[in-house]
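The residues making up each chain are set out below.
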Amino acid sequence: MSARKKPLVVVTRKLPDSVETRMRELFDARLNLDDEPMSQDQLADAVRTAEVLVPTVTDHISADILNQPDCKLRMIANFGNGVDNIDVAAAVARGITVTNTPKVLTEDTADMTMALILAVPRRLIEGASVLTEGKNWAGWSPTWMLGHRIGGKRLGIIGMGRIGQAVARRARAFGLQIHYHNRRPVAPVIADELGATYWESLDQMLARMDIISVNCPHTPATFHLLSARRLKLIRKDAYIVNTARGEVIDEETMTRLIEAGDIAGAGLDVFEHEPAVNPRLVRLAKAGKVTLLPHMGSATIEGRVEMGEKVIINIKTFLDNHRPPDRVLPSML
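These figures come from a predicted structure and were not determined experimentally. (Residues numbered from 1 in each chain as written. Predicted model: local features only at pLDDT ≥ 70, side-chain atom pairs only at ≥ 80, totals over all residues. Heavy atoms only, no water.)

## Digging into the pattern of salt bridges
Opposite charge on two side chains permits pairing when their charged atoms draw close.
Phase 1: Under the defined criterion, the tally for this structure stands at 22 salt bridges.
Phase 2: A salt bridge links Arg280 to Glu252, with the shortest nitrogen-to-oxygen separation between them at 2.4 Å. Of this pair, Arg280 sits in helix 12 (residues 279-286) while Glu252 sits in helix 11 (residues 251-259), placing them 28 residues apart in sequence.
Phase 3: A residue is classified by how much of its surface remains accessible, and Glu252, at 43% relative accessible area, is partly exposed.
Phase 4: Measuring nitrogen to oxygen at the nearest pair gives 2.8 Å for the salt bridge that ties Glu259 to Arg280. (Salt bridge = Lys/Arg side-chain N within 4 Å of Asp/Glu carboxyl O. Helix = DSSP H or I, 4+ residues; strand = E, 2+ residues; numbered from the N terminus. Buried < 20%, exposed > 50% of the residue type's maximum accessible area, 1.4 Å probe, protein only.)

In structure tokens form, the structure reads like this:
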């Protein structure tokens, strides 16, 4: 009796070796060993040939791609928590199951958020560059490279989900006062644990914070949530930290306000037009006004492996005719 044919699974980017090895064992896995991003034509071809597609945040899976008459795809197992790269409604309408990898990157992203909360007011990158870029350092001085203390400052968290709460726990340990804006207040037991103050009005919170941390997902409702109008509410001595999605902030206006001294600075791990980075932001980084990182918030070996394991579990469960544990529906977004 012949063995059952393995389903074709197309993986759009290079994944950790252990994850790819397991995929090869379980599926007919077509891997991307050179890690070059797939073009829209290549994605369209994958949709026509594969039963399962494993994309990442850099792959735009549009309705046009999914609505091809010869689309063979049955499942999109996203390698990532956010699914703003996928037209989930179009996929579900066509009977394609969509999954993601939640609850894996919470601690990693919160760590990076806290690192930026520390790095920007204390001028860490600017100070380190004095030693690594051949600048003349004359030694310690009482008034040189002065930053700002973060203990006692007010931190305003936008999005109090798992990552926002993890950021709050870290920030509280550093003596920050925790404030937050969310669609609804967190449970009283969580608010008490974090000593967190809820603001129903984002506008009112922004006008009173020393540091603002963006930790909400990118959805149509949160695109430019920090709009030009709202950015102008932020105090001149306040800082913005973003480890969520670049599209949540009107980056052009934020850049202009920092250049003008109307916002003190920013720590950014994500950008509105990734992988392109606004040259004016780069100039601000060189001037010590902002700290820029290349989307490193979730970049740990442990996190990437756990993401891959979740992808495999979702695919295997789906192919065994059960509901995947991390299924995403339009109503959830």
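## As for the packing of helix 5 (residues 106-122) against helix 7 (residues 162-173)
Phase 1: Interaxial distance between helix 5 and helix 7 falls to 9 Å at its minimum, and their mutual angle equals 50°. Between helix 5 and helix 7, the interaxial angle falls into the category oblique. Note that helix 5 runs across helix 7; the crossing there is right-handed. Here Thr106, Glu107, Thr109, Ala110, Asp111, Thr113, Met114 and Ile117 of helix 5 lie close against helix 7, whose contacting residues are Arg162, Ile163, Ala166, Val167, Arg170 and Ala171.
Phase 2: Within the contact of helix 5 with helix 7, the residues separate by chemical class into 7 nonpolar, 3 polar and 4 charged. (Axes fitted to C-alpha atoms, helices over the stretch in contact; angles between N-to-C directions. Parallel < 35°, antiparallel > 145°, perpendicular 65-115°, else oblique. Left-handed = near helix turned anticlockwise from the far one by under 90°. Contact = heavy atoms within 4.5 Å. Nonpolar A, V, L, I, M, F, W, Y, C, P; charged D, E, K, R; others polar.)

## Observations regarding the sheet that holds strand 2 (residues 28-30)
Sheets are built from strands that pair by backbone hydrogen bonding, the pairs being arranged parallel or antiparallel.
Phase 1: Strand order in this open sheet of 5 strands is 2-1-3-4-5, and the pairing throughout is parallel. This sheet does not close on itself; its edge strands, each paired only once, are strand 2 and strand 5 (97-99). Geometrically, the sheet is characterised by an average inter-axis angle of 15° between neighbouring strands, direction not taken into account.
Phase 2: Across 3 bridges, strand 1 (residues 8-11) lies against strand 2 in parallel orientation. Residue Leu8 lies in a different strand from strand 2, and its bridge partner there is Asp28. (Pairing = 2+ DSSP bridges.)

## Some details on the packing of aromatic side chains
Phase 1: Overall, the coordinates contain 1 aromatic pair when judged by the stated rule.
Phase 2: Relative to Tyr198, the ring of Tyr180 has its centre 5.2 Å away and its plane inclined at 45°; by these criteria the two rings are tilted. Linking Tyr180 in strand 7 (residues 177-181) with Tyr198 in strand 8 (residues 197-198), this pair joins segments that are 18 residues apart in sequence. (Phe/Tyr/Trp six-rings, centres within 6.5 Å; stacked < 30°, edge-to-face > 60°.)

## Focus: the nonpolar core
Phase 1: Counting residues in each nonpolar core, the largest one holds 28 residues, and the members touching the most others are Ile158, Val214, Leu231, Ile234, Ile240 and Met254.
Phase 2: At the level of elements, helix 9 (202-206), strand 9 (211-214), helix 11, strand 11 (265-268) and helix 12 are the ones that each hand at least two residues to this core.
Phase 3: Setting aside residues no more than four positions away along its own chain, Ile234 makes contact with Leu206, Ile212, Ile240, Asp262 and Ile263. (Core = buried A, V, L, I, M, F, W, Y, C linked by side-chain atoms within 4.5 Å.)

## Examining the pairing of strand 7
Phase 1: Most of strand 7 is tucked away, with 4 of its 5 residues classed as buried.
Phase 2: Two elements, strand 6 (residues 154-158) and strand 7, share 5 bridges in a ladder whose sense is parallel. Note that in strand 7 the partner of Ile158 across the bridge is His181.
Phase 3: Once you follow strand 6 into helix 7 and on to strand 7, the crossover reads as right-handed.
Phase 4: For strand 7 and strand 8, the ladder comprises 2 bridges, and the chain directions are parallel. By the bridge assignment for strand 8, His179 is matched with Thr197.
Phase 5: With respect to chirality, the unit in which strand 7 leads through helix 8 (residues 188-194) into the neighbouring parallel strand 8 is right-handed. (Right-handed = clockwise from strand over helix to strand, strands pointing away.)

Shape descriptors only; they carry no functional weight alone.
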